[in-house]
Each structure stands twice: as structure tokens, then as C-alpha cells.
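If you want the building blocks of each chain, they are given just below.
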Amino acid sequence: MALVKSPKPTFVQKLKRFFLIDLIKGLGLTLKYNLGALTDKDAVAGHGIYTEQYPKVRPDVAPRFHGAPRLNMDPETHDTLCIACNLCAIACPEDCIDVIPMDVEIMVAGKPRRKKVLDEFIFDTSRCMFCALCQEACPTYCLELTQDFELATYSRAGFVWNREMLEQGRETVKYTS
Amino acid sequence: MHQVEIATTQETLLDSPEMVLNMGPQHPSTHGVLRVVLKLDGETVIDLDCDIGYLHRGMEKISENRMYTQIAPYWDRLDYIAAVSNGLVWVETVEQMMGLPVPPRAHYLRTILTELNRIASHLLWLATHALDIGAVTVLLWALREREEILKIFERQFGARLTCHAWRVGGMPNDAYDDFNKDVRQFINNFPKRLDEYETVLSENRIWLSRTVGIGVISGADAIAIGLSGPALRGSGVAWDVRKSRPYAAYADMDFDIPLGENGDTYDRYLVRLEEMRQSRRIIDQALEKMPDGPVNAKLPKIVKPPVGDYYHSIEGPKGEIGCYLVSDGTAQPWRMRVRPPSFINLQALKQMCLGHLVADVVAIIGTLDIVLGEIDR
Amino acid sequence: MWWRLSARSILFWERLIAEMLLLSPINLLNDLLLKFFSQETITFFVWPLIQILLVVTLVALWVAYATYLERKISAFMQARLGPMRVGPWGLLQPIADGLKLLTKEDFIPESADRWIFFFAPYIAVASAFIVFSVIPFGPDWAVIADVNIGLLLVLAVSSVGVLALILAGWSSNSKYALLGGLRSSAQMVSYEVAMGLSLIGALMFARTLSLSGIVAAQGSDSIWYIVYQPAGFLIFLISGIAENNRAPFDLPEAESELVAGFHTEYSGMRWSLFFMAEYAAMVVVAAIATTVYLGGWYFPFVYRLEAGGYHNLFVLVSVLVFLVKASIILYVYFWLRWTLPRFRYDQLMDIGWKWLIPSTLINIVLSGFAIFLVQALDGWRGIKTIQALDRGLNLTATGKVIMIIIGLAGVFVTAALLARINWRSRDFNLRTQRRNIRLVNLPKGKPAVQPGS
């Protein structure tokens, strides 16, 4: 452990060192914070206290937040917007989406045609890394990652969401006290 | 698993003068699951060996079976503190291999957000380093600043930590509405906060006696081991990828790089604090100069770089992080190799720790600023 | 049916309140007890028992709420809130913690030494609490036992606490707990020397070892001994902090890279006993510092209550004054812990042996010289420096000024001598803070790819 070279101290520096000025400056700053916290004032900017008392106070979540997935529905007809194109499942790095289509008969210009629609949509949120590649891949803005981040369940099976859970959303308990 | 070179035998306490101590993977001060086996003579370290691999997730092997756009989220999990920088390495490697031009607005936004991430990573370094040495209050103050940056990331990218920030060809979304206002507010307050940290630490005699002369490594040794980042610059070697091989919009930015002199812990501490100030300067300039325009380029249907190999690196907060990509022309890479700065910086741990006391080992691990996600991949 | 109180019972309550405020002793309660016990039993057994109960309750509550205050004060310093959920503003937090620890599983490791493991926490708590029997919380009945070697008893009994550490570390049968216990106890023993020696300077003025006598000496001289002995106060406080293993001297218990401390294997109520012992020891050091240097329960103008005849009120107010002063020193404990980084173990032992002990010795010599000077100057050319000698060394204004000047000069002399002794010390040579980093603007290289549009 070699001694590190440093220049000889001047008299003022010696006095400062003797009177523990370096320690006192740090202590003064902490005292200022202590008093500022009592009055919720801060020397630089903002508040004196930075605690958000979750769950009493709900946090501010950004609009673009990658949260729980949701399948959007048409607001008027309440049909799903999903066209069962399977692009989200292909885009997912973790293979946690399973799109199960089915064929239905519809009449187009008097002739019966077969159309592929969505039957079941399985999303495994325990494997999901919330990277939003599926959201970007969806052509109809159906699959969307919402701002819900409270995804805890009591069992592993509870993490695998089916179409109904994805469309209706989940009821989570919001603690307010 | 790696066989540790120091024998951990069952010796009774009073028999031999040397003691083998295990700073196990579960430890509050080793920044992740790092196992350090120390051979001690009293309290002085006479031998040291690291045992890594506790966080190995097989990222490089996984990426051989994923498409190029799908690999980007995995890079965030490498150095999870500097996820935005890691994402930048990957997309720039792919873009440069494909020869894809990226719009200038994207370059500037990349610069701003990567520098914000550098500040966030250095703040976390300061927080944990001060915590290890005992000044607990600085931990919470630094995390409060980091919180502001993470809020900006949440509003811009949608996630705070593992952001999946960039896409090949640019970024998925333009800057959100209040982006300029938020970033300006942050960089206006930031210098005063840095002065606060300096008031508590930089001249404090206890801090000086814990960090001056501890963990010294000379410039020549640093180059020989292959260090990069602040660990290298603290020893006086002037090497910064942002200057020597500029990427993103760094060629247009005017900033200095701080260099230390003695290569000890205190110099690296000062270098990182000064780097935060320079980052703030870069963000300021980039906000002024940012052009308008699109933020992403037109991509082919499937991203397929031509056959060949390519290496690209950027200056991450921990050091030079690089990606070596071997492509065989298909939609999935043949081999992807990460150059992890923390892994290479960790090689210097033994040389830095020999002759110091056990309490210094914690300080030295803190000053190297390692992240186990990067070391183990 | 309070309006049906008879005249006799109203008189009873009036008398009780009047006596509690005014008179001493509390005759009414004494008369009540005389119905059951003899006067001797009451004087020597029942009253002290009541005092002990009060003091133990007070100290236990103080210790519990010191943990709460530490959390709140540290939170405010860190711009956050601290405990808020349990009770309003988190005030019931210590009770919640206590209940949780009581209900935890109490296990003793299989290979541990059962009986020593069992007794070690009790020794720690007992030694910390026994000290409170001689501390003067207030003037008359607020001190349980005014022993005339009070200060010596305090130092001796608190040394027994070190034994508890060693026993705890040994009986845990763990390599790291033993090493942690040995390190902690070596640190405590080193700083006890400095603690004891630093008190001698103030004792020269008080001329008695009895703690009530020291407070009375400060009272009769109308001065706090911190004014005469600033160096002594600082040294006592620093060694007290190191004695309690508190930051910045808490490497043995905080730096868990080597050892998790002597109390690794303890859990539940046993661990909380160690925790209480640590905080009680902090309160002891704060109380002794208050008594010897900050004037104890003495505060100017409070004595007028006594003169007015409100004796018991005087005692209560004095107790309050004492608690406030000791709490200020506790605040200094918390303040230092959450601001300063911690010393390394060798730096810690350096400070104890090479800096504090020489400065206490220099302090003793200088104080002795100062008193000799004041006594010599008394009566020389008509200068009167000494007022009285019966209750401590009481000085006139001239004498006080001379003493203060010599005290301040002594601080500089001490610093110069310490610098001379320790000129080789590595840490001492970190004379200035250097900003040896330089900013370099490197030439820009060629980018890998031209930024296109």
C-alpha cells in the first residue's frame, strides 16, 4: 500500500483539517435534509420526502407501460379485433402465445365462404418478459399491453391466461388502507 | 462448474496461520451472485479466486435459435442496470452489418437516452459503493436521482429497467410529448445533487482513508489485462470508444473524458463522478441540436444480415461492451458473442486485492462496478 | 356519581395532588404504606422498589422508542418517511417489533454450548440496565442509589457487557461468530481505556466520584463542564460511540463479509435482548455524558421551583431536562451513523490507541496544570479565582475565564502533540483532498459507419 503523493497542505488547509471541517460539512448537509423533511422542503428541487405510500397512493403509470396483456374488442359490436393471424405468436421470443383459430361459414355475396376466426388465445404471463414485440406485431391493435402491473396469483396455473381473462381483464384487490 | 484453485479444506482455527474464507454467492456486498474465495493471513489477503457462473442463463446459445429482432430483449438482461446501452450495441451491430441507414433524429435520441442510462448506472454504482463503505444515506439520495431517470424511461419506452429500447433501424416510438421538458428538468437539477454527494464523500477523511491507495492498478497492467471503461481511465489511459470510434451522434458532441492518475479507488470514484457531469453536458448539447424527422428506417420483411462476421462495440457505463456476430444468411444468427466488460474487468480483482485487508476487498469489488448478469450471461 | 363525593374524599384527592406537587416526602402514600410495613421496610425496600420499577419502565420505553426514532430520523435524513403503517405515524412500530420477536421460534444450534448460549444475552442486558441505578435523573428521589463511587461503578459494570459478547461468540460454535465476537470485544476494551481516562479531566473539577455530586458541583459553579473540557467531551463521546459498536466504528457488526457478528446464531427474543442491550448501552453513554459534561439535570432558573416550594415539580422538571439533554446526544449518535462511512478495523484500533489515549493523557496533564495555575493565582495581587471548594471546584468569573482560555489552548496543544506522535501514520498523511483527475479532449476517430439519413 504505497503512500500516494499529495502536495504539502497550506495553513488554511491544516486548520480545516484540524477543525474537522470535512466531516462537519457532510453532517451539515444531513441535518439540512432532516429539517427539510420535516417541512417537506428541499434545497435543490422537489420535495423533502420522496416516499410514495403505495398501496394507499396509487402510482403514476405511464401510458406506454408494458403491463398485463389485453385483447381489445370493437367498442360498438363487442367482437374481438383479433383476426387470428398468428403474428404475435411468431414475434414472441419466449413462445408464450398460443393462437387457436377455427373456421366459420359466412356468406359473402351470396356464396358461402370459410373464414378463419379466433377460437382460443392462450397467453402464459409467467414466461412473458414484457418486451412488447407482440404488441408491435399485431396489425389490428388488438393485443395491447396495459398499465396493470399487479399480476400476482396464488398458483402457477393462474399465470396462464385464456381468451376470456385477456378480454375482460382481471379484478385485482386495490388496497386503500 | 469451475474448480476453485484455493483448496477449501477443513482446518481448525488454531492450526495454520492461513485461513481460507469464502465470500459466498449469497452476500450483501458482492453485487450479485459472485463467489470469492480468499486466502487470508490474519486479515491480509494473500490469494484470491473468483467463482462465477451462478447467473449463467445461456444467452448466447438461446440467441442462436431466435430471430434478430427477438434477440434484442435478451440483451437488456445482460447488464440489467444499463439496458439501454446494451440494446444499442445489438441494434447497431445488426444495422451496420446490413448497411441500414438510421435517421439522424434517431441517432440523437439514442445519444440522449444512452447518456441518461450512463448516469443511471453510475448513480447505482455510487449508491452501492457508498453503501458498502458505510455511508448509507448516499445510497438513498442516489437512488432518488435514478428514480427520475427511470420515470423518463418508463414514459418513453414503457419499462423502467429492462427497456427493450431500440429496434433495428431506429426506435419504435418518437419521443413522448413532455420528453424535452422532463429531461431538461432533470439535467438542471443534477449538478447540485452531484455537489451534494461530493460534500458528503469527496473530502471526508474517512472516505479518503478507505479509498485512497486501495486497489491500485497501473496503466500498463490495465492495458495488459484488457480493462476498459472508468477502471481503465482511472489509471490514466486515455481510451474511450465514444471518441475513438464514434457511434450514434457522438461525432457531433463536444465533451471531455476524465482521466485519473494513480489508479486507485478514489481516482475511479472521481472519474465516474466527472463522467456523470460530462454526460449531462452531452445531453444538453444533444437536446439543442436534435433534428426533426422520422425515427425509424424502412426494414425488409425479415431482418437478414449478409453472410459474414462483424464486431461492433460501444462505450457502456461499465466499459467497452461489444458484440461479435457471425451470420449465415438465415433469419437466425449462427453465433453471437458478447464482449462483457465486467467479466474482463473482474480479471483484475486478484491483482488489485493482494496485500490489502478483507474489508478492502468489498471496496475493490465495488469500484470495479461489476454486474453478474454480464459476467455470467 | 362524583357529586356524591364526601367532603372527606375531596380533601383526600386535594391533599394527594398538593403533596405530589409540593411536599417531600410524599407523606400520604407513606402513611398508607405504614399500615402494612414498618418504616424501615418502607424506606429501604418499598420506595426503592417503586423507583426501580419506574426507572426500568422508563429506560425500556426509552430504548424501544430510540429504535423507532432512529428509523424515523434516518428516514428524514434520506428524504423518505420511515415507519408509517403501524399506528399513527408508525408510533406503535416498536411494540409490533417486540411482539413479532416474542413469537419467533427460539432455537439453539445443536452444537452450541447450551448454558452459555442461554445466559449470554441476559448478561448483556443486565449489565446495561444495572448502570441505571446510579444515574441521577433528577435531584432528590429521582436517583435510585447515590453511591459515592458512582462513576467507577458505571465504568466497571459496563465492562461486564464485553464478557457477554465473548460468551455469545464462543458459544455459537461458529468460526465467524467467534471471530466477530473477538473483534467487537477487542474494540470495546480498547475504547474503554480512553473513555475512563477522558472522564478524569472533569473529575478534577468535581472532586467527587458520585454522579449526583458531579451534577451538584456543576450546579453550584453554574457551569457545564463541557466549557472547561471540550476536548474531554469529544474524546468521551467518540470512545462511547466506539464502545457501543456504532457507526462510524461498526465494522465488526456491519461488514458481514467476514463475520455476521457475535449474534449470528441468535434469533427471536434472545436477539432482541442483545439489541436492547446495545441501545441501553447507548443510552448509558448519553446519560453519563449528560451528567459529567452537560450539567445533568441542572438547568438555570429551574431551581426557582424549589425555592417556591414546589419540590416534586422541581424534580419532575429536572428529570425532563435530563431526558432532553440525553436525547440530544442520542440524536448525535443517529446523525453520525447515517452520515459518515465506516472505518476499517485497523484504522479503528489506530484511532483508539494512537490518537485517543494519548490525547486523554495530555488532557489530564493539561487540566492538572490548569487547576494548579488557578490555585496558585488565587490571592496573588488581589486576584480571586476560587470561590469555594466544598462542592467541587467553584471558580469566580476570573477563574472561569482563565480556565476556558487554558482549555482552548489545550486543544491546540493536544493537536500539535498528536501530530508529532503520529507523523508516520499512513492515514494522517492524507493531508489534502486531491482532485487529480484531468479532463482530456481526445481527437475524434473515424466512426464505424457514416451516419446516414
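Our structure is the block above this text.
Basis of the calculations
Residues numbered from 1 in each chain as written. Chains lettered and ligands numbered in written order. Predicted model: local features only at pLDDT ≥ 70, side-chain atom pairs only at ≥ 80, totals over all residues. Heavy atoms only, no water. Helix = DSSP H or I, 4+ residues; strand = E, 2+ residues; numbered from the N terminus. Contact = heavy atoms within 4.5 Å. Areas by Shrake-Rupley, 256 points an atom, 1.4 Å probe, with all protein chains shown as cover. Axes fitted to C-alpha atoms, helices over the stretch in contact; angles between N-to-C directions. Parallel < 35°, antiparallel > 145°, perpendicular 65-115°, else oblique. Left-handed = near helix turned anticlockwise from the far one by under 90°. Nonpolar A, V, L, I, M, F, W, Y, C, P; charged D, E, K, R; others polar. Pairing = 2+ DSSP bridges. Salt bridge = Lys/Arg side-chain N within 4 Å of Asp/Glu carboxyl O. Buried < 20%, exposed > 50% of the residue type's maximum accessible area, 1.4 Å probe, protein only. Core = buried A, V, L, I, M, F, W, Y, C linked by side-chain atoms within 4.5 Å. Domains from an automatic or database assignment. Arc of directions from axis to C-beta.

## With respect to the overall build of chain A
So, step 1. A tally of helices and strands in chain A yields 5 helices and 5 strands.
So, step 2. Reading the secondary structure of chain A in the N-to-C direction produces α-α-β-α-β-β-α-β-β-α.
So, step 3. Look at the contacts in chain A between residues 6 or more apart in sequence, and 60% of them connect residues 24 or more apart.
So, step 4. For chain A, the accessible surface area stands at approximately 11,300 Å², while carbon and sulfur atoms represent 57% of it.

## A few points about the packing of helix 4 (residues 104-133) of chain B against helix 11 (residues 265-289) of chain B
Residue and element names in this part refer to chain B.
So, step 1. As a packed pair, helix 4 and helix 11 sit with axes 9 Å apart at the nearest point and diverge in direction by 155°. It follows from the interaxial angle that helix 4 and helix 11 lie roughly antiparallel. Crossing geometry of helix 4 relative to helix 11 is assigned as left-handed.
So, step 2. Its residues assigned to classes, the contact of helix 4 with helix 11 comprises 14 nonpolar, 5 polar and 6 charged.

## Let's talk about the sheet that holds strand 3 (residues 44-51) of chain B
Residue and element names in this part refer to chain B.
So, step 1. With respect to topology, 3 strands assemble into an open sheet ordered 1-2-3, the strand pairing being antiparallel. What marks the edges here is a single partner per strand, and that holds for strand 1 (18-23) and strand 3. Each neighbouring strand pair of the sheet contributes to a mean axis angle of 20°, computed without reference to strand direction.

## Points about the pattern of salt bridges
So, step 1. Within this structure, the stated rule accounts for 48 salt bridges over all chains.
So, step 2. In this structure, Asp254 of chain B engages Arg281 of chain B in a salt bridge whose closest nitrogen and oxygen atoms are separated by 3.5 Å. With Asp254 of chain B in the loop between helix 10 (241-244) and strand 4 (257-259) and Arg281 of chain B in helix 11, the pair connects residues that are 27 residues apart, well separated along the chain.
So, step 3. Classification of Asp254 of chain B as partly exposed rests on a relative accessible area of 39%.
So, step 4. With relative accessibility at 28%, the residue Arg281 of chain B sits in the partly exposed group.
So, step 5. Arg246 of chain C is the partner of Glu70 of chain C in a salt bridge, and the nearest nitrogen-oxygen pair spans 2.9 Å. Pair noted here: Glu70 of chain C is in helix 3 (residues 39-77) and Arg246 of chain C is in the loop between helix 10 (230-243) and helix 11 (251-254), with a separation of 176 residues, a long-range link. Just as Glu70 of chain C is buried, Arg246 of chain C falls in that class too.
So, step 6. A cluster of three or more residues bridged by salt bridges with shared partners is formed by Glu115, Arg118, Arg233, Asp240, Arg242, Glu275 and Glu315 of chain B.

## Re the nonpolar core
Residue and element names in this part refer to chain C.
So, step 1. If you look at the biggest cluster of nonpolar residues, it comprises 109 residues, and the most contacted ones within it are Phe137, Tyr225 and Ile288.
So, step 2. The leading source of residues in this core is helix 12 (residues 268-293), at 15 residues.
So, step 3. Split by domain, the residues of this core number at least three in each of domain 1 (34-103) and domain 2 (104-350).
So, step 4. Residue contacts for Tyr225: discarding those within four places in its chain leaves Ala202, Phe205, Ala206, Ile214, Ala217, Gln218, Val292 and Tyr293.

## Some words on the pairing of strand 5 (residues 308-315) of chain B
So, step 1. In this structure, strand 5 of chain B lies alongside strand 6 (residues 320-327) of chain B, joined through 8 bridges in antiparallel fashion. Each residue of the ladder has a partner; that of Tyr310 of chain B, found in strand 6 of chain B, is Leu325 of chain B.

## Structural notes on the pairing of strand 6 of chain B
Residues and elements named next belong to chain B.
So, step 1. Buried residues dominate strand 6, accounting for 7 of its 8 residues.
So, step 2. Between strand 5 and strand 6, which follow one another and run antiparallel, lie 4 residues, and Gly319 among them has a positive phi close to 155°.
So, step 3. Of the strand pairs in this sheet, strand 6 and strand 7 (residues 335-339) are connected by 5 bridges, and their pairing is antiparallel. Paired with Tyr324 across the bridge in strand 7 is Arg337.

## Focus on helix 4 (residues 93-102) of chain C
Residue and element names in this part refer to chain C.
So, step 1. Within helix 4, burial applies to Gln93, Pro94 and Leu101. Along the axis of helix 4, the buried residues cluster in a sector spanning 100°; they form a single face. More than 90 degrees from the buried face of helix 4, the exposed residues found are Leu99 and Leu102.
So, step 2. Those residues of helix 4 that are buried lie in contact with helix 3 and helix 12.

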